[in-house]
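Listed here are the chains, written in short residue letters.
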Amino acid sequence: MKLSRSASWFLLAFGVWSWFIWVTFVKNLWNDGSGLAFDDAGEPTAYFWVHLLLAITSFVLGTVIGVIGLRGVRAARRERG
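Residues numbered from 1 in each chain as written. Predicted model: local features only at pLDDT ≥ 70, side-chain atom pairs only at ≥ 80, totals over all residues. Heavy atoms only, no water.

Draft legend 1. Inspection of the overall build of the chain at higher detail. A tally of helices and strands in the chain yields two helices and zero strands. In terms of overall dimensions, the chain is more spread out than a globule: its C-alpha atoms have a radius of gyration of 18 Å, far above the 12 Å expected for 81 residues. On the principal axes, the C-alpha backbone points of the chain span a range of 60 × 20 × 15 Å. A burial count over the chain gives 23% of its 81 residues as buried. Taking all contacts inside the chain whose residues are at least 6 apart in sequence as the whole, residues at least 24 apart take part in 62%. Of the accessible surface of the chain, which amounts to about 6000 Å², a share of 67% is contributed by carbon and sulfur atoms. Measuring between centres, the 8 positive side-chain charges of the chain sit 34 Å from its 5 negative side-chain charges. (Helix = DSSP H or I, 4+ residues; strand = E, 2+ residues; numbered from the N terminus. Rg over C-alpha atoms; globule rule 2.2 N^0.38 Å. Buried < 20%, exposed > 50% of the residue type's maximum accessible area, 1.4 Å probe, protein only. Contact = heavy atoms within 4.5 Å. Areas by Shrake-Rupley, 256 points an atom, 1.4 Å probe, with all protein chains shown as cover. Lys, Arg positive; Asp, Glu negative; His and termini not counted. Charge placed at Lys NZ, Arg CZ, Asp CG, Glu CD.)

Written out as structure tokens, the structure reads:
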């Protein structure tokens, strides 16, 4: 399968964006003071675990999508010259 240059750049940008957004989210989750992520004893709640799992899944998918985009960008550059 051959990706267009614009599709490759989009996928690469999506992968980078995904990491940026979810790293920020995990930092905010870890430092949550609202009582959602940690109970009064400081133990993680179900909210914390579910959202951490969502973040990890998004890291994996963002990485895979970004790598596909990076390979497409590299292939397009090799074709140009």
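Once you've had a look at it, read on.
Draft legend 2. Region of the structure containing the side chain of Ser-18. Turning to its location among the elements, Ser-18 is positioned in helix H1 (residues 5-30). Apart from the residues lying within four places of it in its own chain, the contact partners of Ser-18 are Ser-58 and Gly-62.

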